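Remarks on the overall topology
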Amino acid sequence: MSAMQRVASYEHKNDYYYIILRQAPELGAQAYVLCCGINMPRFDPICWGKAGICSNPAFKGLQQLRADVSSFVLKLGLSSKNAEQFPCGSITPPVGNGWYRETPLLIEQASPKDIKKILEFSVLDLVKTVLTVCAPDARVPAKLPTSPAMQKFLDKLNVKNYREAAPPPIAKPQDSR
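Residues numbered from 1 in each chain as written. Predicted model: local features only at pLDDT ≥ 70, side-chain atom pairs only at ≥ 80, totals over all residues. Heavy atoms only, no water.

Focus on the pairing of strand 2 (residues 17-23)
- Of all 7 residues in strand 2, 7 are buried, a share of seventy percent or more.
- Both faces of strand 2 are covered, namely the face carrying Tyr 17, Ile 19, Leu 21 and Gln 23 and the face carrying Tyr 18, Ile 20 and Arg 22.
- Alignment of strand 1 (residues 9-13) against strand 2, held across 5 bridges, turns out to be antiparallel. Each bridged residue has a counterpart across the sheet, and for Glu 11 the counterpart in strand 2 is Ile 20.
- The antiparallel pairing of strand 1 with strand 2 creates a hairpin that spans 3 residues between the two strands. (Buried < 20%, exposed > 50% of the residue type's maximum accessible area, 1.4 Å probe, protein only. Helix = DSSP H or I, 4+ residues; strand = E, 2+ residues; numbered from the N terminus. Pairing = 2+ DSSP bridges.)

A word on the pairing of strand 3 (residues 32-39)
- Of all 8 residues in strand 3, 8 are buried, a share of seventy percent or more.
- Residues Tyr 32, Leu 34, Cys 36 and Ile 38 line one face of strand 3 and the alternating positions Val 33, Cys 35, Gly 37 and Asn 39 line the opposite face, and both faces are buried.
- Bridge analysis of strand 2 against strand 3 gives 7 bridges, and the strand direction is antiparallel. Residue pairing for strand 3: Ile 19 is matched across the bridge by Cys 36.
- Summarising the sheet, strand 3 and strand 6 (residues 105-108) pair through 3 bridges and their orientation is antiparallel. Note that in strand 6 the partner of Leu 34 across the bridge is Leu 105.
- Bridge analysis of strand 3 against strand 5 (residues 99-101) gives 3 bridges, and the strand direction is antiparallel. Among the inter-strand pairings, Ile 38 is bridged to a residue of strand 5, identified as Tyr 100.

Focus on the packing of aromatic side chains
- Per the counting criterion, the structure on display carries 5 aromatic pairs.
- An angle of 65 degrees between the planes, with centres 5.2 Å apart, marks the rings of Tyr 16 and Phe 43 as edge-to-face. In this pair, Tyr 16 is assigned in the loop between strand 1 and strand 2 and Phe 43 in helix 1 (residues 40-47), connecting sequence segments 27 residues apart. Phe 43 carries the same exposure label as Tyr 16, and that label is buried.
- Each ring, one from Phe 59 and one from Tyr 100, has its centre 4.5 Å from the other, and the planes form 55 degrees; the classification is tilted. Of this pair, Phe 59 sits in helix 2 (residues 57-75) while Tyr 100 sits in strand 5, placing them 41 residues apart in sequence.
- Residue Tyr 100 is classed as partly exposed on the basis of its relative accessible area of 23%.
- The ring centre of Tyr 16 lies 4.5 Å from the NZ or CZ of Arg 42, which sits over that ring. (Phe/Tyr/Trp six-rings, centres within 6.5 Å; stacked < 30°, edge-to-face > 60°. Lys NZ or Arg CZ within 6 Å of the ring centre and 35° of its normal.)

Considering the environment of Glu 11
- Structurally, Glu 11 is set in strand 1.
- Spatially, the C-alpha atom of Glu 11 lies 7.4 Å from that of Leu 119, the residues being 108 residues apart in sequence.
- Setting aside residues no more than four positions away along its own chain, Glu 11 makes contact with Ile 19, Ile 20 and Leu 119.
- At a separation of 2.7 Å, a polar atom in the side chain of Glu 11 contacts the side chain of Ser 9.
- Of note is the side chain of Glu 11, whose polar atom sits 3.1 Å from the side chain of Lys 13. (Contact = heavy atoms within 4.5 Å. Polar contact = N/O pair within 3.5 Å; in protein donor to acceptor, adjacent residues only side chain to side chain.)

Structure below.
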């Protein structure tokens, strides 16, 4: 790859998540890599207390996204595979401070039109998956809104005083001996 070669990047990012599909000519002529992550504390006001212990719906939604994207890619007649070696860290928020990153996914033989479809699918799939548990009555937009508009949509679902509003944790009664 030439040092001056331009690479395409299709992105949908806000304070809750990022989904980036970046062209990776070093991995193939029509190769793109999916880099995705969530800010778990940002989802807390929507999801707190809605699932069991050690079961964060936003975290699980991001993990499920990778499988869902692979399935969607197959339906488009394309292929995907693990891309652990791809350095998503240089184009995404740093891990830590609440950000969690999923392992990169290589998508092969994709056109820019395919990548736009995959981006739209990815964002809507992630949000729908998380909200199925956290806000089941929320109506996710049918068409992909802009990143700021999706952030406003998610902001409206935040529960004030969410820690106090959550049900009490499940705990076994302690023997009072």
